[in-house]
Amino acid sequence: MNPSRSADFLVADSLEAFPDELKGGVVAIGNFDGLHRGHRAVLDAALGLGRGMHHPVFAMSFEPHPRTVFNPSKPVFRLTPAPQKVDMLKVCGLDGALILPFNKEFAGVEARAFVQDILIDTLGISHAVTGYDFHFGKARQGTPDYLRTAGAEHGFGVTIVQREEDEGAEVISSTRIRDCLAAGDIAQANALLGYRWFFEGTVEHGNKRGRDLGYPTANLHMNTDCPLLEGIYAVKVKTPDGWFDGVASYGRRPTFDNGAVVFEVFLFDFSGDLYGQPLRVHLVSHLRGEEKFETADALVAQMDKDSAEARAALASIRPLSDIDLKLLDLAG
């Protein structure tokens, strides 16, 4: 398969498709699920080196998540599924990405072969940048120290980026962020990410009940392994027609049918048909938990309050980082 190109950002999904334009470059290696502040410390180090040496900078990552491969009965919820991860790497300023298929055969590659066959013979890297906890090769033989030694032996540089901590001196990790989403602590999840967490989906037909209540919603289905706490959220939504503020409900509609979990978004100041359209939804704040109301009128009264609270939260939004600025198009 040939590498794909998007505004000079090159993406390859196999070693055979790795583009010549990225050979000899600086590679940032990791899973990078979520592209949180710790991951971006690795990417920033790679970018600094690459720009200083006038070499291309690209990420090497793996799909699916290794933990899912080794324990398929407990798949890891992806903060950024592969397409979103690639989009984020582009936003972060890299020149390309190599997303390698991860399976048990790949996991069985000896660390020495990973260095020689992949890093040197195929990618021809000039420098490798990884996090302090990155391991590679069969039985995780490839430690950071092993990579340093291999780099010295074969003539490529190695930078190991130490752990990134939050303001409370706790390590930033994808696991912590998933736990925050499960607890409804959107503010903390976003602080660890350095941007407002988002997901993408296609609008599906629902039961049209929201329209009858005066709150027509766009319905999106989340992955079944999504840990997000059920409840009401203030959101910013990118549609094919542009950006809209909104309020969303994630849950089972206990007032009516207590059915399957669905994410329902009401967009402020929007009129039109979104069925079949792609949306990108950024969670800004968690407003309250899901509740059952005795009557539809009581539910509507609460929805009015939720909308007012969401508007207030969204009116004061400020970018968390340059990445957040770019993702939410807040520059204007």
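Residues numbered from 1 in each chain as written. Predicted model: local features only at pLDDT ≥ 70, side-chain atom pairs only at ≥ 80, totals over all residues. Heavy atoms only, no water.

## Some remarks on the pattern of salt bridges
Counted only if it meets this: The rule for a salt bridge is simple: a side-chain nitrogen of Lys or Arg has to be within 4 Å of a carboxyl oxygen of Asp or Glu. With a 1.4 Å probe rolled over the protein chains alone, any residue whose accessible area is under 20% of its type maximum counts as buried; one over 50% counts as exposed, and the rest are partly exposed. Segments assigned H or I by DSSP are reported as helices when at least four residues long, segments assigned E as strands when at least two residues long, and all are numbered from the N terminus.
Within this structure, the stated rule accounts for 17 salt bridges. Note that glutamate 165 is salt-bridged to arginine 163, the shortest N-O span being 3.0 Å. On the basis of relative accessible area, glutamate 165 is assigned to the partly exposed category, the value being 33%. Residue arginine 163 is classed as partly exposed on the basis of its relative accessible area, which comes to 41%. A salt bridge links aspartate 166 to arginine 176; the shortest N-O distance between them is 2.9 Å. Of this pair, aspartate 166 sits in the loop between strand 7 (157-161) and helix 7 (174-183) while arginine 176 sits in helix 7, and the two are 10 residues apart along the sequence. Each member of the pair, aspartate 166 as well as arginine 176, is classed as buried. A single salt-bridge network, built from bridges that share partners, covers Asp33, Glu63, Arg78, Lys85 and Arg178.

## Remarks on the environment of leucine 314
We apply this condition: Pairs of residues are marked as contacts when any of their non-hydrogen atoms sit within 4.5 Å.
With respect to the helices and strands, the residue leucine 314 is situated in helix 10 (residues 296-315). We classify leucine 314 as buried; its relative accessible area is 3%. In sequence terms leucine 314 and lysine 90 are 224 residues apart; their C-alpha atoms lie 26 Å from each other. When near neighbours in sequence (up to four residues on either side) are disregarded, leucine 314 contacts Ala234, Val235, Lys236, Asp245, Gly246, Phe268 and Val284.

## Description of helix 1 (residues 37-53)
Our working rule: A helix is expected to span 1.5 Å multiplied by its residue count minus one.
The end-to-end C-alpha distance of helix 1 is 24 Å, a good match for the 24 Å that 17 residues give at a rise of 1.5 Å each. Downstream of helix 1 by a residue or two, histidine 54 has a phi angle that is positive, lying close to 60°.

## Side note on the environment of alanine 187
Secondary-structure assignment places alanine 187 in helix 8 (residues 186-193). Once the C-alpha coordinates of alanine 187 and alanine 12 are considered, the two residues, 175 residues apart in sequence, prove to be 34 Å apart.

## Observations regarding the confidence of the model for the protein
Parts of the model with low pLDDT should not have their predicted coordinates read in detail. Going by this rule: Along the chain, pLDDT gives the predictor's confidence residue by residue, from 0 to 100.
On average, residues of the protein score 92 in pLDDT, and 95% of them reach the 70 mark or higher. When pLDDT is averaged over each element of the protein, strand 3 (residues 26-29) comes out on top at 98 and strand 1 (residues 4-6) at the bottom at 57.

## A few points about the sheet that holds strand 13 (residues 278-289)
The criterion, for reference: Whether two strands pair depends on DSSP finding at least two bridges between them. The axes are straight lines fitted to the C-alpha atoms, using for helices just the contacting stretch, and the angles between their N-to-C directions are given from 0 to 180°.
Strand order in the open sheet formed by six strands is 8-13-10-11-12-9, with antiparallel pairing between adjacent strands. Every other strand in the sheet has two partners, leaving strand 8 (198-202) and strand 9 (218-220) as the edge strands with one partner each. Strand-to-strand twist in this sheet, taken as the mean axis angle between neighbours without regard to direction, amounts to 35°. With eight bridges joining them, strand 10 (residues 231-239) and strand 13 adopt antiparallel strand pairing.

## Overview of the nonpolar core
To be explicit about the condition: By nonpolar core is meant a set of buried Ala, Val, Leu, Ile, Met, Phe, Trp, Tyr and Cys residues that side-chain atoms within 4.5 Å join together.
Formed by 57 residues in total, the largest nonpolar core has its most connected members in Leu228, Phe263, Val281 and Leu283. When residues in this core are grouped by element, the largest group, five residues, is from helix 1. Every residue in contact with leucine 228, bar those within four places of it in the chain, is listed here: Leu181, Ile186, Met222, Tyr233, Tyr250, Phe263 and Leu283. Core analysis: the second largest hydrophobic core is formed by 29 residues, Ala17, Leu22, Leu119 and Leu147 among them.

## Digging into the side chain of histidine 65
What counts, and what does not: Pairs of N or O atoms are called polar contacts if they sit within 3.5 Å, as long as, within protein, a hydrogen donor faces a hydrogen acceptor (for residues adjacent in sequence, only side-chain-to-side-chain pairs).
Along the chain, histidine 65 falls in the loop between strand 4 (57-63) and helix 2 (66-70). Looking at histidine 65, its side chain comes within polar contact range of the main-chain nitrogen of arginine 67, at 3.1 Å. For histidine 65, the contacting residues outside a window of four places in its chain are Asn31, Val76, Arg78 and Arg178.

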